[in-house]
Amino acid sequence: MNRRRTIQRDLVLAAVRKSRTHPTADEIFASVVDEHPSISKATVYRNLNLLVDEGLVRRVPLPGTLPDHFDRTLDEHYHVFCEYCGKVSDVDLPYQADLAARIEGMDGFEVFRHEIVFHGVCPECKAKIKAEKSAKECIGNGTERFEDGS
Ligand SMILES: [Zn+2]
Ligand SMILES: [Zn+2]
C-alpha cells in the first residue's frame, strides 16, 4: 500500500473512531471531506470496505435497502434501530455466546457469530410523535368546538 493510500485509509478510520454514533458511509464521507475537500466519495467507500475487511471497523447490518452503518466498537454487541429516523444505538445486553448452542435443526451448520438488531423508536422520535399527536388533538378539539357553536 503506497503512502497516499495509507493516509486516506487513516483519515477514514479516524472519522469512524471519532464518531459517537454509528455513522453511515455518507456521514463518514461528509466528516472526512469537511477537512479534506479533495477526497472523493469512492475513495472513502473503498477504504471503509477495506477497514471492515481488516477488522478495524464493523459494519452494522440493517434489513432491506437501508444504508449500512459503521461501528468503531469491535467487541460483539447488539444494536437497537429507530424505525423513524434510522438512528442506530448500542444495546446494553451481554453477548449471548451460547445462543447458537440452543438452536435446533441446524443440519451440521457451524455458527461463528450472530447479530441482533432490535427495532423500535428512539426517545427523540417518541417525544416528537407525542407532541405531534397532542397538537393534532388540540386542532381536533378546536374544530369540534367551532362546529358545536355554529
Ligand atoms: Zn428516532
Ligand atoms: Zn455498536
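Residues numbered from 1 in each chain as written. Chains lettered and ligands numbered in written order. Predicted model: local features only at pLDDT ≥ 70, side-chain atom pairs only at ≥ 80, totals over all residues.

K.L.:
An account of the pairing of strand S3 (residues 78-82) is needed here, citing residue identities and associated values.
P.N.:
In this sheet, strand S4 (residues 88-91) lies alongside S3 in antiparallel orientation, the contact comprising 4 bridges. When the sheet's bridge partners are listed, Tyr-78 is paired in S4 with Val-91. Adjacent in sequence and paired antiparallel, S3 and S4 are bridged by 5 residues, among which Gly-86 carries a positive phi angle near 80°. Looking at chain direction, S3 and strand S5 (residues 117-120) are connected through 4 bridges and run parallel. Across the sheet, Phe-81 pairs through a bridge with His-119, a residue of S5. (Pairing = 2+ DSSP bridges. Helix = DSSP H or I, 4+ residues; strand = E, 2+ residues; numbered from the N terminus.)

K.L.:
How would you sum up helix H1 (residues 3-18)? Please name residues and give values.
P.N.:
End to end, H1 covers 22 Å across 16 residues, agreeing with the expected 22 Å (1.5 Å per residue, within 8%). When H1 is considered as a whole, its buried residues turn out to be Gln-8, Val-12, Ala-15 and Val-16. Along the axis of H1, the buried positions cluster into a sector of 100°, meaning they face one direction only. Opposite the buried face of H1, at more than 90 degrees from it, the exposed residues are Arg-3, Thr-6, Ile-7, Asp-10, Arg-17 and Lys-18. Elements that come into contact with the buried residues of H1 comprise helix H2 (25-35), helix H3 (41-54) and strand S2 (69-71). (Expected span 1.5 Å × (residues − 1). Buried ≥ 20, exposed ≤ 12 C-beta atoms within 10 Å, placed from the backbone. Arc of directions from axis to C-beta. Contact = placed C-beta atoms within 7 Å.)

K.L.:
Lay out the nonpolar core in plain terms, naming residues and giving numbers.
P.N.:
In terms of nonpolar packing, the biggest core is built from 10 residues, these being Val-12, Ala-15, Val-16, Ile-28, Phe-29, Val-32, Val-44, Leu-48, Val-57 and Phe-70. When contributions to this core are tallied by element, the ones reaching two or more residues are H1, H2 and H3. Excluding anything up to four places from it in sequence, Phe-70 contacts Val-16, His-22, Pro-23, Ile-28, Leu-48, Val-57, Arg-58, Arg-59 and Val-60. (Core = buried A, V, L, I, M, F, W, Y, C linked by C-beta atoms within 7 Å.)

K.L.:
Summarise H3; cite the residues concerned and give the values.
P.N.:
In this model H3 runs 20 Å from its N-terminal to its C-terminal C-alpha over 14 residues, within 8% of the 20 Å that 1.5 Å per residue would give. Burial in H3 covers these residues: Thr-43, Val-44, Asn-47 and Leu-48. Seen end-on, H3 carries its buried residues on one side only, within an arc spanning 135°. Along H3, exposed side chains directed more than 90 degrees from the buried face belong to Ala-42 and Asp-53. Backbone geometry just downstream of H3 places Gly-55 in the positive-phi region, at approximately 80°.

K.L.:
Account for the sheet that holds S3, naming residues and giving values.
P.N.:
Strand order in this open sheet of 3 strands is S4-S3-S5, and the pairing throughout is mixed. Pairing within the sheet leaves two strands with one partner each, and these edge strands are S4 and S5. With strand direction ignored, the average angle separating the axes of adjacent strands in the sheet is 30°. (Axes fitted to C-alpha atoms, helices over the stretch in contact; angles between N-to-C directions.)

K.L.:
Summarise the confidence of the model for the protein; cite the residues concerned and give the values.
P.N.:
Mean pLDDT over the protein works out to 87, with 92% of the residues at or above the 70 mark. Highest mean pLDDT in the protein belongs to H3 (95); lowest belongs to helix H4 (residues 123-149) (76). (pLDDT = per-residue confidence, 0-100.)

K.L.:
An account of the environment of Cys-122 is needed here, citing residue identities and associated values.
P.N.:
Along the chain, the position of Cys-122 falls in the loop between S5 and H4. Since 18 C-beta atoms lie within 10 Å of it, Cys-122 is described here as partly exposed. Along the chain, Cys-122 and Gly-86 lie 36 residues apart, while their C-alpha atoms are 9.2 Å from each other. The contact partners of Cys-122, leaving out residues within four places of it in the chain, are Cys-82, Cys-85 and Lys-87.

K.L.:
For the environment of Cys-125, give the residues involved together with the corresponding values.
P.N.:
With respect to the helices and strands, Cys-125 occurs in helix H4. Residue classification places Cys-125 among the partly exposed positions, given that 16 C-beta atoms sit within 10 Å. It is 7.2 Å that separates the C-alpha atoms of Cys-125 and Cys-85, two residues lying 40 residues apart in sequence. The residues contacting Cys-125, other than those within four sequence positions of it, are Cys-82, Tyr-84 and Cys-85.

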